[in-house]
2 protein chains.
Amino acid sequence: MVRKKQGDKENAIIEAAVKVFSQKSYHGSTTSEIAKEAGVAEGTIFRYFRTKKDILSKILIKVIESYAQTVVVDSLREFLTNYKDSNANEKEVIKALLRERLKVIEANLPLVKILFTEIQFHPDLRKVWVEKVVRPSMDVAVAYIEKKKKEGKIKAEVNAEVATRSFVGMVFFMVLSKLMLYEKLDLSLSESGELDQIVDILFEGIAARTIKG
Amino acid sequence: MVRKKQGDKENAIIEAAVKVFSQKSYHGSTTSEIAKEAGVAEGTIFRYFRTKKDILSKILIKVIESYAQTVVVDSLREFLTNYKDSNANEKEVIKALLRERLKVIEANLPLVKILFTEIQFHPDLRKVWVEKVVRPSMDVAVAYIEKKKKEGKIKAEVNAEVATRSFVGMVFFMVLSKLMLYEKLDLSLSESGELDQIVDILFEGIAARTIKG
DNA sequence: ATAATAAGTGAGTAATCACTCATTTAGGAG
DNA sequence: CTCCTAAATGAGTGATTACTCACTTATTAT
């Protein structure tokens, strides 16, 4: 027997809103369209969400908090792997981490698109994003790089923040360009070799090794 | 004597639209607001532009055709091909190229923001962007990298497209993160040291040089 | 100066928007 | 079944939208 769960309609509305927002942008979407997509009456939307903006906020706050959680996990894991075997190849650690993150991103591409589009135009949401994810992530990454610099694994002259931004930029842009060129992703990002190549470039650069004078 | 130029109002409308679109997104903007910002009556807008979409299209097509095509593609080609016989350090060539490009980007940040936001939701404009700028730029960059690979300056195992995307991503994200964190850019991107650091990372990576077994 | 033409205007319009609320439908308790 | 309450509905509402058009103002030609 299929029992109707409470929250069914609310989830239907959220899923519909994610779809419509990601395709038409927040301001380009209408509540009537979201209702239609969700298979509910327009009035039903406003029993679960006070305003249209409230739909967007609830969607993005949830995403932001789940990402904030992964930041905590990342820092914890670094702590643990450090104890286990400190000789672990940094590159392989980063590759594994990236592969895992990309899986999550791939499974939630519309959400990622909404996030990066709308935080530009909603300062309240941008503030939460920066405070809960951007700054903590940067802190974790910088701490990691500084430690590796002391261990002699990363060049001392590398600026940790710049290196972090560079890496995130490489990954972000890989996702973005695939999203734009192909309506649908033809091959999995997390499975493509591009991931490994990016990390290789980050660590070793593109220049051929030369004997320096 | 100040003579009123024809095209004055059209330019005023375009400038106003760039400002409003960049702050509120296309769908979040209204023609009445653009008119107010431009200091013209709302009806005047529709003497120069058939529809609201027509404003956006004219703005972006202009950016893509007159600006991006010549400034990005043509100069990229010139930069990368005209240095061919010189012994100039590739890194310095890239740095000079990037410094110049960033100046143009900085001078047109609102336009850049509109471009990257709206091509997501306007397939007609995205198509023009990809065909006139993305693909030609990629072709030039790939040709350059392949040449340098043959010259032994760049590692043979580097994938040219991945390397290009990585580099563009690094730069793009540097601009993006500054744009988001600070309402206004506090220091010039083209003058900041981050530019040089990014190119250093691209060429040499972050890993400390080790004697490989 | 006058006529002819173009540029500019803003009140007006139909359509659409986010949101409300009186009413209907559904589900569980007794 | 009969209540009772909460969930769901969709026609209705005032505000706002992109766009029009009859009209006014400015510019040019003669």
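This is a predicted model, so every value here is computed, not measured.

Caption draft 1: The arrangement of the interface of chain B and chain A in detail. On the chain A side, the residues contacting the 51 residues of chain B number 51 residues. There are two salt bridges connecting chain B and chain A. Taken together, the connections running from chain B to chain A amount to 18 residue pairs in polar contact (both at pLDDT 80 or more). At the level of secondary structure, the elements contributing two or more residues to the side of chain B that touches chain A comprise α1 (8-24), α6 (109-118), α7 (123-150), α8 (160-181) and α9 (194-204) of chain B. Here the element with the most residues in the side of chain B that touches chain A is α8 of chain B; it accounts for 14 residues. Each residue belonging to the side of chain B that touches chain A can be placed in one class, and the counts come to 23 nonpolar, 15 polar and 13 charged.

Caption draft 2: Highlighting the pattern of salt bridges. Residue and element names in this part refer to chain A. As enumerated under the stated definition, the model contains 41 salt bridges over all chains in all. Here D54 makes a salt bridge to R50, at a shortest N to O gap of 3.7 Å. For E90, the salt bridge is made with K153, and the minimal N-O distance between the two is 3.2 Å. Taken together, the residues span a long stretch of sequence, with E90 in helix α5 (residues 90-107) and K153 in the loop between α7 (123-150) and α8 (160-181) at a distance of 63 residues. When its relative accessible area of 10% is taken as the criterion, E90 is described as buried. By sharing partners, the salt bridges in this structure join K91, E92, K95, R99, D196, D200 and E204 into a single network.

Caption draft 3: Molecular detail of the protein's contact with DNA strand D. Neighbouring residues of DNA strand D: 15 residues in total, closest T44 and Y48 of chain A together with T30, T31 and K52 of chain B. Each atom of DNA strand D within 4 Å of the protein was assigned to sugar, phosphate or base; sugar and phosphate come to 65%. One nitrogen or oxygen atom from the side chain of R47 of chain A is found 3.4 Å from a phosphate oxygen belonging to DNA strand D. Contact between DNA strand D and T31 of chain B: a phosphate oxygen at 3.0 Å from a main-chain N or O atom of the residue. Among the secondary structure elements, those contributing two or more residues to the surface near DNA strand D are α3 (42-48) of chain A together with α3 (42-48) of chain B. Residues of the surface near DNA strand D, tallied by class, amount to four nonpolar, seven polar and four charged.

Caption draft 4: Main features of the protein's contact with DNA strand C. Around DNA strand C, the surrounding shell holds 15 residues, and the nearest of these are T30, T31 and K52 of chain A together with T44 and Y48 of chain B. When atoms of DNA strand C within 4 Å of the protein are sorted by moiety, sugar and phosphate together comprise 64%. At 3.1 Å, a backbone N or O of A41 of chain B approaches a phosphate oxygen of DNA strand C. The contact in question runs from a base nitrogen of DNA strand C to an N or O atom on the backbone of G43 of chain B, over 3.5 Å. At the level of elements, α3 of chain A together with α3 of chain B are the ones that each hand at least two residues to the surface near DNA strand C. Along the lines of polarity and charge, the residues of the surface near DNA strand C split into four nonpolar, seven polar and four charged.

Caption draft 5: Expanded view of the packing of aromatic side chains. Scanning all chains against the criterion turns up ten aromatic pairs over all chains. Relative to F172 of chain B, the ring of F172 of chain A lies with its centre 6.2 Å away and its plane at 10°, an arrangement referred to as stacked. Remark: F172 of chain B occurs in helix α8 and F172 of chain A occurs in helix α8; the pair is interchain, linking two chains. Note on accessibility: F172 of chain A and F172 of chain B belong to one class, buried. In this structure an aromatic cluster arises from ring pairing among Y67, F116, W129, F172 and F173 of chain A together with F116, W129, F172 and F173 of chain B. The positively charged end of K52 of chain A is found above the aromatic ring belonging to Y26 of chain A, 4.4 Å away from the centroid.

Caption draft 6: Local environment of the nonpolar core. One finds F21, I34, I59 and L102 of chain A together with F21, I34 and I59 of chain B to be the most contacted residues of the largest nonpolar core, which totals 124 residues. The residues contacting F21 of chain A, other than those within four sequence positions of it, are Y26, S29, I34, K52, I55, L56, I59 and I114 of chain A together with F121 of chain B.

Caption draft 7: Seen up close, the relation of the copies chain B and chain A. Mapping chain B onto chain A calls for a screw motion: a turn of 179° about the axis and a shift of 0.1 Å along it, with 1.0 Å RMSD after fitting. The superposition operator between the copies reduces to a two-fold rotation axis. If distances are taken from each C-alpha of chain B to the rotation axis, the shortest is found for G205 of chain B, at 2.0 Å. A symmetric contact is evident, with 100% of the interface residues of chain B recurring at the interface of chain A.

Caption draft 8: Main features of the environment of R47 of chain B. Assignment of secondary structure puts R47 of chain B in helix α3. Taking the C-alpha atoms as reference, R47 of chain B lies 9.2 Å from E10 of chain B; in sequence the two are 37 residues apart.

Caption draft 9: How the structure looks around the packing of helix α5 (residues 90-107) of chain B against α9 of chain B. Residue and element names in this part refer to chain B. The contact between α5 and α9 brings their axes to 10 Å, and the two run at 140°. The pairing of α5 with α9 is recorded here as oblique in orientation. As α5 runs across α9, the sense of the crossing is right-handed. Across the interface between the two elements, E90, K91, I94, K95, L98, R99 and L102 of α5 pack against L195, D196, V199, D200, F203 and E204 of α9. A per-class count over the contact of α5 with α9 returns six nonpolar, no polar and seven charged.

Caption draft 10: α5 of chain A, seen in detail. Residue and element names in this part refer to chain A. Helix length check: α5 (18 residues) gives 26 Å between terminal C-alpha atoms against 26 Å at 1.5 Å per residue, within 8%. Considered for burial, the residues of α5 that qualify are E90, K91, I94, K95, L98, R101, L102, I105 and E106. Seen end-on, α5 carries its buried residues on one side only, within an arc spanning 140°. With respect to the buried face of α5, the exposed residues turned more than 90 degrees away are K103 and A107. A distance of 2.9 Å separates the backbone nitrogen of K91 from a side-chain oxygen at the start of α5, and that oxygen is part of N89.

What counts and what doesn't
Residues numbered from 1 in each chain as written. Chains lettered and ligands numbered in written order. Predicted model: local features only at pLDDT ≥ 70, side-chain atom pairs only at ≥ 80, totals over all residues. Heavy atoms only, no water. Contact = heavy atoms within 4.5 Å. Salt bridge = Lys/Arg side-chain N within 4 Å of Asp/Glu carboxyl O. Polar contact = N/O pair within 3.5 Å; in protein donor to acceptor, adjacent residues only side chain to side chain. Helix = DSSP H or I, 4+ residues; strand = E, 2+ residues; numbered from the N terminus. Nonpolar A, V, L, I, M, F, W, Y, C, P; charged D, E, K, R; others polar. Buried < 20%, exposed > 50% of the residue type's maximum accessible area, 1.4 Å probe, protein only. Near = heavy atom within 4 Å. Phe/Tyr/Trp six-rings, centres within 6.5 Å; stacked < 30°, edge-to-face > 60°. Lys NZ or Arg CZ within 6 Å of the ring centre and 35° of its normal. Core = buried A, V, L, I, M, F, W, Y, C linked by side-chain atoms within 4.5 Å. Least-squares fit on C-alpha atoms with pLDDT ≥ 70 in both. Axes fitted to C-alpha atoms, helices over the stretch in contact; angles between N-to-C directions. Parallel < 35°, antiparallel > 145°, perpendicular 65-115°, else oblique. Left-handed = near helix turned anticlockwise from the far one by under 90°. Expected span 1.5 Å × (residues − 1). Arc of directions from axis to C-beta.

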